[in-house]
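Observations on the model geometry
This is what each chain is made of:
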There are 2 protein chains.
Amino acid sequence: MFMSTVTAKIDAKGRVSVPAALRAVIASQAPEASGQTGIFVYPSFTLEAIEGGGRDLMQNLNAMVDQLDPFSEERDALAASLFGDSYHLAFDADGRVSLPEPLLHHAVITTHMCFVGLGEKFQIWEPDRFAAFRADARRTALENRNLLRSLSAGQREGQ
Amino acid sequence: MFMSTVTAKIDAKGRVSVPAALRAVIASQAPEASGQTGIFVYPSFTLEAIEGGGRDLMQNLNAMVDQLDPFSEERDALAASLFGDSYHLAFDADGRVSLPEPLLHHAVITTHMCFVGLGEKFQIWEPDRFAAFRADARRTALENRNLLRSLSAGQREGQ
DNA sequence: TATATGCCCATGCTATCCCATAAATACCCA
DNA sequence: TGGGTATTTATGGGATAGCATGGGCATATA
């Protein structure tokens with residue numbers, strides 16, 4: 001599972017070290033030394049951030065799209081947004097990737113970025129923007145403690 | 001279950017010995033020599049303390065988030081709060097961990113800390129703050145002992 | 001020829017491994 | 001029950017490996 005928040009820096013060539021802990025999660029998803037070493041990334045639908053994950057995430061998204069009516073407009077639109085703007089970024093020998101310009105632009109990233117674990121996926125933020133989002137998210141979570149409680153209660157019922 | 005209170009010290013390298021009793025609880029949760037040896041920790045939402053637990057705790061969080069709509073903003077915000085601030089700390093050969101600076105800062109810990117068992121999870125406190133908190137908690141518990149009485153009465157009826 | 005992209009190696013720093021010590025606890029056997 | 005011995009635990013510190021980062025050099029691309 002992806003967790004924690006780590007800040008990394010873009011070097012003169014536009015490269016970024018993907019945090020080792022995050023790479024470890026990716027590696028655990030790969031089917032045993034398949035050389036499948038890299039991440040999938042795409043712009044967030046709702047936030048000024050980049051979202052990404054490993055093979056599992058892409059397979060989940062794929063499965064979701066597959067559940068929609070094959071000839072519906074929604075399906076085509078969703079598939080286009082999801083896959084059309086997605087990139088597979090391969091690690092170099094030292095675990096670094098180069099983020100495509102459109103993604104950097106979407107997340108307003110210039111020199112530094114935060115990798116934020118979200119469990120099944122992660123996000124990449126411009127540090128200042130993430131600080132603001134995080135403060136907001138924390139406040140919202142606190143206000144919605146009742147929702148949290150009902151979620152954990154529902155979970156118990158479900159078992 | 002996590003119980004009792006133990007005080008430990010940060011050494012020159014920032015390491016802390018996790019109390020043996022607490023490690024034993026973690027070990028009992030791990031699926032038989034899986035090497036899964038470590039704790040999950042995150043800042044408490046409401047207290048100036050660190051909270052933590054074993055694998056079980058994280059799986060519960062995961063299950064909560066999974067109940068929300070995959071592309072909803074609430075889900076991302078909650079996941080960011082829950083997982084973005086969480087850390088997996090692996091034990092070294094001697095059962096020690098290094099607490100990340102953000103967590104130490106949140107709990108205002110500098111040299112010493114208390115591990116406090118809370119049943120399904122535990123907390124880590126700066127010793128003085130914990131003493132104050134405990135005094136307060138005792139007072140509250142005393143005031144609410146009628147509630148406890150009614151609870152145990154209700155339980156008896158339910159059986 | 002200039003600009004990018006991938007591959008490889010160099011470096012400082014930090015986390016991790018490993019061993020040593022001392023105290024505390026558990027264990028054993030008379 | 002007492003006294004002594006073995007384990008385990010908490011802590012300190014040296015050595016090492018891994019990580020994030022920078023930069024050189026070849027190879028593609030325009």
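Residues numbered from 1 in each chain as written. Chains lettered and ligands numbered in written order. Predicted model: local features only at pLDDT ≥ 70, side-chain atom pairs only at ≥ 80, totals over all residues.

1. Structural notes on the overall build of chain A
Helices and strands together make up the secondary structure of chain A, namely six helices and eight strands. Listing the helices and strands of chain A from first to last along the sequence gives β-β-α-β-β-α-α-β-β-α-β-β-α-α. Principal axes of the C-alpha set define a box for chain A whose edges measure 50 × 40 × 35 Å. (Helix = DSSP H or I, 4+ residues; strand = E, 2+ residues; numbered from the N terminus.)

2. Some thoughts on the interface of chain A and chain B
Between chain A and chain B, the residue contacts involve 23 residues of the former and 21 residues of the latter. The residue inventory of the side of chain A that touches chain B, partitioned by class, reads twelve nonpolar, nine polar and two charged. (Contact = placed C-beta atoms within 7 Å. Nonpolar A, V, L, I, M, F, W, Y, C, P; charged D, E, K, R; others polar.)

3. Quick look at the relation of the copies chain A and chain B
With an RMSD of 0.9 Å, the fit of chain A onto chain B corresponds to turning through 29° and sliding 12 Å along the axis. When the interface residues of chain A are mapped onto chain B, a mere 4% of them are again interface residues, pointing to distinct binding faces. (Least-squares fit on C-alpha atoms with pLDDT ≥ 70 in both.)

4. A look at the environment of Gly14(A)
Structurally, Gly14(A) can be placed in the loop between strand S1 (5-9) and strand S2 (15-17). Separated by 97 residues in sequence, Gly14(A) and Thr111(A) have C-alpha atoms that sit 8.9 Å apart.

5. Overview of helix H5 (residues 127-143) of chain B
Between its terminal C-alpha atoms H5(B) stretches 24 Å, which fits the 24 Å expected from 17 residues at 1.5 Å a residue. Little of H5(B) is tucked away, with one of its 17 residues classed as buried. (Expected span 1.5 Å × (residues − 1). Buried ≥ 20, exposed ≤ 12 C-beta atoms within 10 Å, placed from the backbone.)

6. Thoughts on the protein's contact with DNA strand D
In the neighbourhood of DNA strand D, 20 residues make up the surrounding shell, with Asp11(A), Ser17(A), Asp11(B), Ser17(B) and Ala20(B) lying closest. Only S1 of chain A together with strand S1 (5-9) of chain B provide two or more residues apiece to the surface near DNA strand D. Here the residues of the surface near DNA strand D are counted per class, giving eight nonpolar, four polar and eight charged. (Near = placed C-beta within 6 Å.)

7. Digging into the sheet that holds strand S3 (residues 38-43) of chain B
Residue and element names in this part refer to chain B. Ordered in space as S1-S7-S8-S4-S3-S5, the six strands form an open sheet in which the pairing is antiparallel. In this open sheet, the two strands that pair with only one neighbour each are S1 and strand S5 (87-90). Direction aside, neighbouring strands of the sheet carry axes that sit 30° apart on average. Pairing geometry for S3 and strand S4 (residues 50-53), over four bridges, is antiparallel. Across the sheet, Pro43 pairs through a bridge with Ile50, a residue of S4. (Pairing = 2+ DSSP bridges. Axes fitted to C-alpha atoms, helices over the stretch in contact; angles between N-to-C directions.)

8. Overview of the packing of helix H5 (residues 127-143) of chain A against helix H3 (residues 73-84) of chain B
For the pair H5(A) and H3(B), the least separation of the axes is 8 Å and the interaxial angle reads 100°. Relative to H3(B), the element H5(A) is oriented roughly perpendicular. In contact with Arg134(A), Ala137(A), Arg138(A), Thr140(A) and Ala141(A) of H5(A), H3(B) contributes Ala77(B), Leu78(B), Ala80(B), Ser81(B) and Gly84(B). A breakdown of the residues in the contact of H5(A) with H3(B) according to their chemical character gives five nonpolar, three polar and two charged. (Parallel < 35°, antiparallel > 145°, perpendicular 65-115°, else oblique.)

9. Some words on the environment of Glu120(A)
Residue and element names in this part refer to chain A. By the secondary structure assignment, Glu120 is in the loop between strand S7 (112-117) and strand S8 (122-125). Owing to 19 C-beta atoms within 10 Å, Glu120 belongs among the partly exposed residues under this scheme. Residues Glu120 and Gly53, spaced 67 residues apart in sequence, show a C-alpha to C-alpha distance of 7.3 Å. Not counting the four nearest positions on each side in its chain, Glu120 is found in contact with Gly53 and Leu57.

10. Looking at the pairing of S3(B)
Residues and elements named next belong to chain B. For S3, a buried count of five out of six residues is recorded, marking the element as mostly surrounded by other parts of the structure. Pairing of S3 with S5, which is carried by four bridges, proceeds in the antiparallel orientation. Paired with Gly38 across the bridge in S5 is Ala90. If you look at the hairpin formed by S3 and S4, you'll find six residues sitting between the two strands.

11. A few points about unusual backbone geometry
Residue and element names in this part refer to chain B. The phi torsion at Ser4 lies on the positive side, around 65°, for a residue other than glycine. Positive phi outside glycine occurs at Val108, with the angle close to 55°. Note on Val108: 12 C-beta atoms within 10 Å, which makes it exposed.

12. Overview of the sheet that holds S7(A)
Residue and element names in this part refer to chain A. With antiparallel pairing, six strands are arranged side by side in an open sheet as S1-S7-S8-S4-S3-S5. Lying at the two open borders of the sheet, with one neighbouring strand each, are S1 and strand S5 (87-90). Between one strand axis and the next, the sheet turns through 30° on average, direction left out of account. Pairing of strand S4 (residues 50-53) with S8 involves three bridges; the strand directions are antiparallel. Note on S8: the bridge partner recorded for Gly52 is Phe122.

13. Some details on the nonpolar core
Counting residues in hydrophobic clusters, the biggest one holds 65 residues, and the most contacted among them are Val116(A), Ile124(A), Trp125(A), Ile124(B) and Trp125(B). Considering each element in turn, this core owes the most residues, six residues, to H3(B). Contacts of Trp125(A), omitting those with residues within four sequence positions, involve Ala49(A), Ala107(A), Met113(A), Cys114(A), Val116(A), Phe130(A) and Phe133(A). (Core = buried A, V, L, I, M, F, W, Y, C linked by C-beta atoms within 7 Å.)

14. A look at the confidence of the model for chain A
Predicted confidence across chain A gives a mean pLDDT of 88, with 92% of residues reaching 70 or more. Here helix H6 (residues 145-158) of chain A stands out as the least confident element of chain A, with mean pLDDT 66; S8(A) is the most confident, with 97. (pLDDT = per-residue confidence, 0-100.)

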